[in-house]
Amino acid sequence: MRTKIIIAALAVFILSVAVFNVCGGAVRDLLSPKVKCVFPEYTVYNGRTCLRIPKSAVYYGESGEMYVFTARESEKYREAAYEAAKIVITIFYDDGDSVYISPTYIPSGQKIVCETETSLEDGIRIVIES
Amino acid sequence: MELADMVKRRFLDIIVASLICLSAAVVVFPVIFVAASSLRSGFNAYIDFYIWEPRYLYALTNSIIISAAAAVGATSVSVFAAYVFAKVRFRGRDFIFYFYIIVMMMPFQVTLLPQYIISKTFSIYDTPLALILPGVFSPFTVFLLTQIMKSMPDDMIEAARLDTSSTLVIVTRIIIPAIKPGIICAFVLAFAEQWNAVAEPLVLMETHEKFPLAVFLNQVSANDALALTAVALFAVIPFLLFSLFEAQVIEGLGEYRLK
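About the criteria used
- Residues take numbers from 1 onward in each chain, read along the sequence in its written order.
- As a convention, the first chain written is A and the first ligand written is 1, with the rest following in written order.
- Local features in this predicted model are restricted to residues of pLDDT 70 or higher, and side-chain atom pairs are both shown and tallied only at a pLDDT of 80 or more, whereas totals for entire chains, interfaces and linings draw on every residue.
- Side-chain figures throughout are based on the complete set of non-hydrogen atoms in the structure, without hydrogens or water.
- Counting from the N terminus, the helices are DSSP H or I runs at least four residues long and the strands are E runs at least two residues long.
- The cut-offs for exposure are 20% and 50% of the maximum accessible area for each residue type, with area from a 1.4 Å probe on protein chains only; residues under the lower value are buried, those over the upper are exposed, and the others partly exposed.
- Only the stretch in contact is used when fitting a helix axis, every axis being a line fitted to C-alpha atoms; angles between N-to-C directions are given from 0 to 180 degrees.
- Orientation labels follow simple angle bins: below 35 degrees gives roughly parallel, above 145 gives roughly antiparallel, 65 to 115 gives roughly perpendicular, and whatever is left gives oblique.
- Take the far helix as your reference; a near helix turned counterclockwise from it by less than a right angle gives a left-handed crossing, and one turned clockwise gives a right-handed crossing.
- By definition in these notes, contact holds between two residues if any of their heavy atoms fall within 4.5 Å.
- Polarity classes work like this: nonpolar for Ala, Val, Leu, Ile, Met, Phe, Trp, Tyr, Cys and Pro, charged for Asp, Glu, Lys and Arg, and polar for all others, with Gly in that last group.
- Pairing of aromatic rings covers Phe, Tyr and the six-membered ring of Trp, with a centre-to-centre limit of 6.5 Å; geometry is then stacked below 30 degrees between planes, edge-to-face above 60, and tilted otherwise.
- The working definition used for a salt bridge is a side-chain nitrogen of Lys or Arg within 4 Å of a carboxyl oxygen of Asp or Glu.

A. Quick peek at unusual backbone geometry. All names here are of chain B. Positive phi, close to 55 degrees, is recorded for Ser123, a residue that is not glycine. Relative to the assigned elements, Ser123 resides in the loop between helix H5 (108–121) and helix H6 (129–136). Exposure remark for Ser123: the relative accessible area of 60% places this residue in the exposed category. One non-glycine residue with positive phi stands out, namely Asp126, at about 65 degrees. Relative to the assigned elements, Asp126 resides in the loop between H5 and H6. Asp126 gets classed as buried once you look at its relative accessible area, which sits at 10%.

Next up, the structure:
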């Protein structure tokens, strides 16, 4: 009886490891929050180079700070994946639809999360919807 | 007088039993503690392990592949090597066997640098093969199986020779079934040796994603403590293997007995 239990436990364990090695990426994609992203646009405001980002991308913290989430490439997974990176920003100008921020906030090549169904946290895995 | 002896013996039994229970508790407590810690926040540790922190899963997979391949390889090679050392007479046999024992006695750090140079030369550095191949040609399993085969009566092999002249048939049909516990013992010990190896992977590998679990566990940060508890629990697989083949391992460490 003990032998059977140990063999069953080992078999289940090895099978689960194999399954999650093969299908782990798909499971993570299924469970990760889906987001829509845009590249920030370079523009000039008051003679100053700025990044224009959609207003829907800006979140307001409890202490009044403003932040956005960017989608940075994650190295934690074997599959190509992105994780949300929280970046605190200061807004230069708000035109109602978009806000203008300093280009130094956002690392070059990173997209900004502009729409999401669930709340995001720094470091969580996200799936970018086209 | 007899009653006094009985009381004394009973008292000694209780003390011995208590000491054994205490030693068992000391050994088992860390495992129970880790298991309890991993369940402290429900199954989150296991969800992290399988889904959100796959680095542990990858490291564990590396460990399983490396240990299983090395153990299977070591056992397969050792059976034939041990047969030659135990049952085939040729000039220099004892010298080679003693050479094997000397290599076995050497601290593994001595052979680590040559292993590094060889793995670089054969372009297997930073691949699982760099760990598997030295494990396959482990002198310990050869030594263990040689000792077991030496205790087998030659009459068995001579009787088999009447039916066939093929050494391969004799080894696979006669020797292997006869020393099955010894082979299982060699497999479990080879598996455990590879599973717990730390220095070799550190020297023979450089990509973190390819590290086995024993090395990877040293590099996790305190932030990952939750998934770590689940991983630490999975790290006791060799113990499960040992308990599965306990009888064979113990029998395998002894001499061959004709059945």
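B. Fine view of the packing of helix H3 (residues 54–87) of chain B against helix H7 (residues 139–150) of chain B. Residue and element names in this part refer to chain B. Taken N-terminus to C-terminus, the directions of H3 and H7 make an angle of 45 degrees; their axes are 8 Å apart at the nearest point. Here H3 is positioned oblique relative to H7, judged by the angle of their axes. Regarding H3 and H7, the two cross each other, and that crossing is right-handed. Where H3 abuts H7, its residues Ala74, Thr75, Ser78, Val79, Ala81, Ala82, Tyr83, Phe85, Ala86 and Lys87 lie against Thr141, Val142, Leu145, Thr146, Met149 and Lys150. For the contact of H3 with H7, the residue count by class is ten nonpolar, four polar and two charged.

C. Representation of the packing of aromatic side chains in the model. Scanning the entire structure with this criterion turns up 18 aromatic pairs over all chains. Geometrically, the ring pair formed by Tyr45 of chain A and Tyr93 of chain A is stacked, given 4.4 Å between the ring centres and 15 degrees between the ring planes. Pair noted here: Tyr45 of chain A is in strand S2 (residues 41–45) and Tyr93 of chain A is in strand S7 (residues 91–94), with a separation of 48 residues, a long-range link. Between Phe85 of chain B and Tyr100 of chain B, the aromatic rings sit 5.3 Å apart at their centres with planes inclined by 70 degrees, giving edge-to-face as the arrangement.

D. The arrangement of the pattern of salt bridges in detail. Residue and element names in this part refer to chain A. Under the criterion given, the structure shown has eleven salt bridges over all chains. Residues Arg52 and Glu41 are paired through a salt bridge, measuring 2.8 Å at the closest nitrogen-oxygen approach. Remark: Glu41 occurs in strand S2 and Arg52 occurs in strand S3 (residues 48–54); sequence separation between them is eleven residues. Here Arg52 falls in the partly exposed class, since its relative accessible area comes to 29%. One network of salt bridges, with partners in common, ties together Arg28, Asp29, Glu79 and Arg125.

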